[in-house]
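# Secondary and tertiary structure notes
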Amino acid sequence: MKATAPPAKRRRGPRLAVLALVFCSLLVPIAFLFNHFPAVYVTDERPQQEIDLPSFDRLGVESGGGVNEVKREGAGVSTGVNAEAQDALEKISRSGKDSQHKSDSEPSRVSTKPKVLPTPKIEQPNPEVKPVSVPVQPTKGVNDNSKTRRPRFQNADDVEKAKACQLEFGSYCLWSIEHKEVMKDTIVKRLKDQLFVARSYYPSIAKLKGKEALTRELKQNIQEHERVLSESIVDADLPSFIKKKVEKMDQSIASAKSCTVDCNNVDRKLLQILHMTEDEAHFHMKQSAYLYNLGVHTMPKSHHCLNMRLTVEYFKSTPLDSDDSLVHKFNIPDHRHYVILSKNVLAASVVINSTDSENVVFHILTDAQNFYAMKHWFARNSYRESTVDVINYEQIILESYPELGTQQLYLPEEFRVFISSFERPTEKTRMEYLSVFSHSHFFIPEIFKDLKKVIVLDDDVVVQHDLSFLWNLDMGDKVNGAVKFCGLRLGQLRNLLGRAMYDPQSCAWMSGVNVVDLEKWREHNVTESYLQLLRKFGNSDDEASLRAAALPISLLSFQHLVYPLDERLTLSGLGYDYGIEVEIAQSSAASLHYNGNMKPWLELGIPDYRKYWKRFLTRDERFMDECNVSP
């Protein structure tokens, strides 16, 4: 009889390999989220920063606060002369790939409990200071926009919830309130609630003597609800007799509640369900806030396409701006000169289109990456009798100050500030975005050495009325004409200001529309004072420290040198505050300032205010059509 060979042992190696591949396929997306997304914040959009403000009215009370060191990813931009074209195209291509990765799926500031997605560090990837509520006495007069805002909350509970949400998630809370969807599938949700309650009571009812019928009834209703919910996830899928089942379950639950049971068990069960639901809701809120920040801090794909097309076209075509007579206008002191710091072609274009531009020179300071796109755009498009001068900030600083090395362009810094009132504690804590000069602003007098006076405009500003009266202002010995913001005073920043000499009652001021007397600036050595303060407050080579110090250093550098402009000059808050009356935005202010996260060129911009920005977009532009930039 022939011996049979024993059955071959099954090899477990391939099985383990398949399991390992499946496991890795699950880990890769998670690793992508945790490691790749933080780089999203290195974009052309500028994130906002949070500040910790002690109470000005409690000067004798010890309070914590300070600047927390935060890492920021990014790299300097090369400005080599011999390889300018190649460098610019490579940079734009790299940034485009990054933005595409980001849009397929910028965090920034707060939270420390990651679940699946990294915690949305709301409002600032950079120099960050933990936000806290700032109690202040109400101020009247300067920059008091309370009459322009409609009330948004009706009771104290809503106020407290909004305050807690904004402290953690910032402007995302304002956006989520405005886009809150009406609850759908109410019957399905009610079935789930009944099921939770019935399950909580069932174990206690089952232990009671004489309640066997109620026990069977509860069990039957629980099983029927489970079966219905396993087959239906929306109200439209529910059977026609569902109302009878709902009423039957209500009667069973009412009977269970009338019995004497061990309340501790029921409470424990309901508390478990409550905590589980709250954790799940908070987790989804963090996910949503993360995606919101990803949207507001990522350059739209259409804008990146426009920059890339313009840059390619610049090197393919012959120069369009070879008129030497225009260059002569750039340095004539008697002309009216506007300075705009921007990395956004369309934003800078809207500012110029909205400004009365007869016999005006616009100087646009941009970075090396966007320089050629800006150059070609403004050479292609005319702006009445105005002249546009596009300057590569990084190159001119490198040539003028080689000892400083490569200096990247910093746009106006924005800080998120919370303000509350001692006299009206039930009033909603106000969240404001305070924009101030960045590091790059302090080199404007050195870049324009022949000019005496300029008006500095942020690129998120729209001019509605004539600003020519600003050129006739007599500011005396003052340097910076700005709208003051007395909701914040230097005394509230004592933890940030340290031992520096300052007037605690001095108000903060806003960038956006600023009249700058360059002669007085040089006379008062403001740039030298700024550099001295910078060495005191932080390392100028460290971007995080540089940006974190922007608020205290800007305020200290111009202390007693600010000429207060009429608050009606600028209506601010259009990038975060849904409560501004549309009629007031349309008629009262000479300019609109879209400070905040929700910039008008983003899809997340506030629709009621975006229309004022979009009406100044350039029309019938070929590259805008090719890149699907909708006016």
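Given the structure is predicted, the values throughout are model-derived calculations rather than measurements. (Residues numbered from 1 in each chain as written. Predicted model: local features only at pLDDT ≥ 70, side-chain atom pairs only at ≥ 80, totals over all residues. Heavy atoms only, no water.)

This part takes up the overall build of the chain. Broken down by element type, the chain carries 22 helices and 14 strands. Taken across its 631 residues, the chain has 51% of its residues classed as buried. Accessible surface, the chain as shown: approximately 30900 Å² in total, 52% of it carbon and sulfur. (Helix = DSSP H or I, 4+ residues; strand = E, 2+ residues; numbered from the N terminus. Buried < 20%, exposed > 50% of the residue type's maximum accessible area, 1.4 Å probe, protein only. Areas by Shrake-Rupley, 256 points an atom, 1.4 Å probe, with all protein chains shown as cover.)

Next up on the list: a negative patch on the surface. Taken together, the side chains of D356, E358, E385 and D466 make up a negatively charged region of the molecular surface. Mapping E385 onto the fold places it in the loop between α12 (368–380) and β5 (387–392). On the basis of relative accessibility, which here comes to 48%, the residue E385 falls in the partly exposed class. (Patch = residues over 30% accessible without salt bridge, like charges linked within 9 Å, V, L, I, M, F, W, Y side chains within 5 Å. Salt bridge = Lys/Arg side-chain N within 4 Å of Asp/Glu carboxyl O. Lys, Arg positive; Asp, Glu negative; His and termini not counted. Charge placed at Lys NZ, Arg CZ, Asp CG, Glu CD.)

Judged by nonpolar contacts, the single largest core of 74 residues is most densely connected at W377, F378 and L592. It is helix α11 (residues 345–354) that provides the largest number of residues to this core, a total of seven residues. Once you skip the residues sitting within four places of it in the chain, F378 turns out to touch V345, A348, S349, I352, I364, Y383, V388 and V390. Of all hydrophobic cores here, the second largest spans 53 residues; its members include F442, M510, Y530 and F558. (Core = buried A, V, L, I, M, F, W, Y, C linked by side-chain atoms within 4.5 Å. Contact = heavy atoms within 4.5 Å.)

Reading across the sheet, the three strands line up as β9-β14-β13 and stay open at both edges, with mixed pairing between neighbours. Edge positions in the open sheet fall to β9 (461–463) and β13 (570–572), since each of these has one partner strand only. Strand-to-strand twist across the sheet, computed as the mean angle between neighbouring axes with direction ignored, equals 15°. In terms of strand pairing, β9 meets strand β14 (residues 591–593) through three bridges, oriented antiparallel. Counted as the bridge partner of V462 is L592 from β14. (Pairing = 2+ DSSP bridges. Axes fitted to C-alpha atoms, helices over the stretch in contact; angles between N-to-C directions.)

Once that is clear, we can look at the pairing of strand β10 (residues 480–489). Burial runs high along β10: nine of the 10 residues are buried. Across three bridges, β10 lies against strand β12 (residues 562–564) in parallel orientation. Looking at the pairing, N480 lines up with V562 of β12.

Glancing now at the confidence of the model for the chain. Taken as a whole, the chain shows an average pLDDT of 74; of its residues, 69% reach a score of 70 or greater. Looking at the elements of the chain, mean pLDDT is at its lowest for strand β2 (residues 133–136), recorded as 33, and at its highest for strand β8 (residues 453–458), recorded as 95. Within the model, the stretch residues 28–47 combines pLDDT values under 50 with 73 contacts to residues more than four positions away or in other chains. (pLDDT = per-residue confidence, 0-100.)

Glancing now at the sheet that holds strand β4 (residues 360–366). Strand order in the open sheet made by the seven strands is β5-β4-β3-β8-β11-β10-β12, with mixed pairing throughout. Bordering the open sheet on either side are β5 and β12, each of which pairs with just one other strand. Within this sheet the neighbouring strands show an average axis-to-axis angle of 35°, counted without direction. One ladder, built from six bridges, connects β10 with strand β11 (residues 507–517); its direction is antiparallel. Counterpart to V483 in the pairing with β11 is M510. Set on the sheet, helix α13 (residues 393–400) makes contact with β4 and β5; between it and β5 the angle comes to about 65°.

The subject of this paragraph is the environment of L488. Mapping L488 onto the fold places it in strand β10. As for L488 and L434, which are separated by 54 residues in sequence, their C-alpha atoms are 9.2 Å apart.

A word on the packing of helix α9 (residues 301–316) against α12. The geometry of α9 relative to α12 is characterised by a closest axis approach of 8 Å and an angle of 75° between their N-to-C directions. It follows from the interaxial angle that α9 and α12 lie roughly perpendicular. Across the interface between the two elements, L306, N307, L310, T311, E313, Y314 and F315 from α9 touch N370, Y372, A373, K375, H376, W377 and R380 from α12. Looking at the contact of α9 with α12 residue by residue, the class counts come to seven nonpolar, four polar and three charged. (Parallel < 35°, antiparallel > 145°, perpendicular 65-115°, else oblique. Nonpolar A, V, L, I, M, F, W, Y, C, P; charged D, E, K, R; others polar.)

The subject of this paragraph is the state of the cysteines. Applying the stated criterion across every chain yields a total of two disulfides. The residue that forms a disulfide with C305 is C627, at a sulfur-sulfur distance of 2.1 Å. Disulfide C305-C627: the torsion about the S-S bond is -70°, which places it as left-handed. Note that C305 is positioned in helix α9 and C627 in the segment after α22 (622–626), a separation of 322 residues in sequence. (Disulfide = S-S within 2.5 Å.)

A separate point is the environment of D458. With respect to the helices, strands and loops of the structure, D458 is situated in strand β8. With a relative accessible area of 2%, D458 lands in the buried category. Note: C-alpha distance between D458 and Y594 (136 residues apart in sequence) is 9.4 Å. When sequence neighbours within four positions are dropped, the list of residues in contact with D458 reads V351, P412, S435, S511, G512 and H593.

Considering all chains together, one arrives at 13 salt bridges under this definition. A salt bridge links K245 to E224; the nearest nitrogen and oxygen atoms lie 3.0 Å apart. With a gap of 21 residues between them, K245 in helix α7 (residues 242–258) and E224 in helix α6 (residues 212–231) connect regions that are remote in the sequence. The salt bridge partner of D566 is R568, with a shortest N-O separation of 2.7 Å.

Turning our attention to unusual backbone geometry. Backbone geometry at D185 places phi at a positive 55°, although glycine is not the residue there. Unusually for a residue other than glycine, D620 sits at a positive phi of about 55°. Assessed through its relative accessible area of 80%, D620 is described here as exposed.

Moving on, we get to the packing of aromatic side chains. Overall, the coordinates contain 18 aromatic pairs when judged by the stated rule. Seen from their ring centres, Y338 and W471 are 5.5 Å apart, and the 90° between their planes marks the pair as edge-to-face. Of this pair, Y338 sits in strand β3 (residues 336–341) while W471 sits in the loop between β9 and β10, and the two are 133 residues apart along the sequence. By relative accessible area, W471 is classed as buried at 14%. (Phe/Tyr/Trp six-rings, centres within 6.5 Å; stacked < 30°, edge-to-face > 60°.)

A rise of 1.5 Å per residue sets the reference length of α6, with its 20 residues, at 28 Å; its end C-alpha atoms lie 29 Å apart and thus fit the reference within 8%. Among all positions in α6, only L214, T215, L218, N221, I222, E224, H225, V228 and L229 are buried. In this fold, the buried residues of α6 make contact with α5 (186–206) and α7. (Expected span 1.5 Å × (residues − 1).)

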